[in-house]
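If you want the building blocks of each chain, they are given just below.
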Amino acid sequence: MIVRIMGHGQWVLEPEHLIELNELDRILEDAVEAGDQEALANALTALSEGVRRLGVEVPDDVIAESDLVLPDLDASLEEVKELLDSTSEYYGIIPDAEEELVEENEETTAL
């Protein structure tokens, strides 16, 4: 999975990385539900740092389509709420780790 952090680049993540990122995503959702801009900013920062720490950065000279785009770190509550509303197939912004791991296992088995 390729994740773009708006204004910062792209990182490749493995499905198992989503487990940790799902926890950060839940914190982000809680901040939006509570209407807490400061908690949202902290959650976006933690999520961005998690992607950078766990992923492998895509070189700037490589053009790759992103599977997922994280909002700017200074995104407003309303912007993130709209994004959350548009990702109904996911739990929050990050896809559910269990579904991604099942899909990876099915692809491996098929080979």
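One can find the structure itself at the top, above this paragraph.
I will try to describe carefully the structure that is included in this document. (Residues numbered from 1 in each chain as written. Predicted model: local features only at pLDDT ≥ 70, side-chain atom pairs only at ≥ 80, totals over all residues. Heavy atoms only, no water.)

### Here's the deal with the overall build of the protein chain
This is how the line gets drawn: We count a stretch as a helix when DSSP gives it H or I for four or more residues in a row; a strand needs E for two or more, and each element gets its number in order from the N terminus. Partly exposed residues are those whose accessible area sits between 20% and 50% of the maximum for their type, while under 20% is buried and over 50% is exposed, using a 1.4 Å probe and protein chains only. Here, residues are in contact when the closest pair of their heavy atoms is within 4.5 Å. Reported accessibility uses the Shrake-Rupley method at a 1.4 Å probe radius. Residues are deemed covered only where the shown protein chains occlude them.
The helix and strand tally for the protein chain stands at four helices and four strands. Starting at the N terminus and ending at the C terminus, the protein chain contains elements arranged as β-β-α-α-β-β-α-α. Burial statistics for the protein chain: of 111 residues in total, 38% are counted as buried. Taking as baseline every contact in the protein chain between residues at least 6 positions apart, the subset at least 24 positions apart corresponds to 74%. For the protein chain, the exposed area adds up to about 6700 Å²; of that, 49% sits on carbon and sulfur atoms.

### Here's the deal with the environment of E79
The criterion, for reference: Contacts described as polar in this section are N or O atom pairs within 3.5 Å, which, within protein, must combine one atom able to donate a hydrogen with one able to accept it, while residues neighboring in sequence count only if both atoms come from side chains.
By secondary structure assignment, the location of E79 is in helix α3 (residues 77–86). Taking the C-alpha atoms as reference points, E79 and V32, 47 residues apart in sequence, are found 9.9 Å from one another. A distance of 2.7 Å separates a polar atom in the side chain of E79 from the backbone nitrogen of S76.

### Let's talk about helix α2 (residues 37–54)
Selection criterion: In this analysis, the expected span of each helix is defined as 1.5 Å times one less than the number of residues it contains.
The end-to-end C-alpha distance of α2, which contains 18 residues, comes to 26 Å, matching closely the 26 Å that a straight helix rising 1.5 Å per residue would cover. Residues of α2 that are buried sit in contact with β1 (2–5), β2 (9–12), α1 (18–34), β3 (56–57), β4 (68–70) and α3.

### Overview of the pattern of salt bridges
Convention followed: Note on definitions: salt bridges are taken to be side-chain nitrogens of Lys or Arg within 4 Å of carboxyl oxygens of Asp or Glu.
Counted under the stated rule, the structure contains three salt bridges. One salt bridge connects R26 with E23, and the closest N-O pair in it is separated by 2.7 Å. With R26 and E23 both in helix α1 and three residues apart, the pair spans about one turn of that helix. For R26, a relative accessible area of 29% puts it in the partly exposed group.

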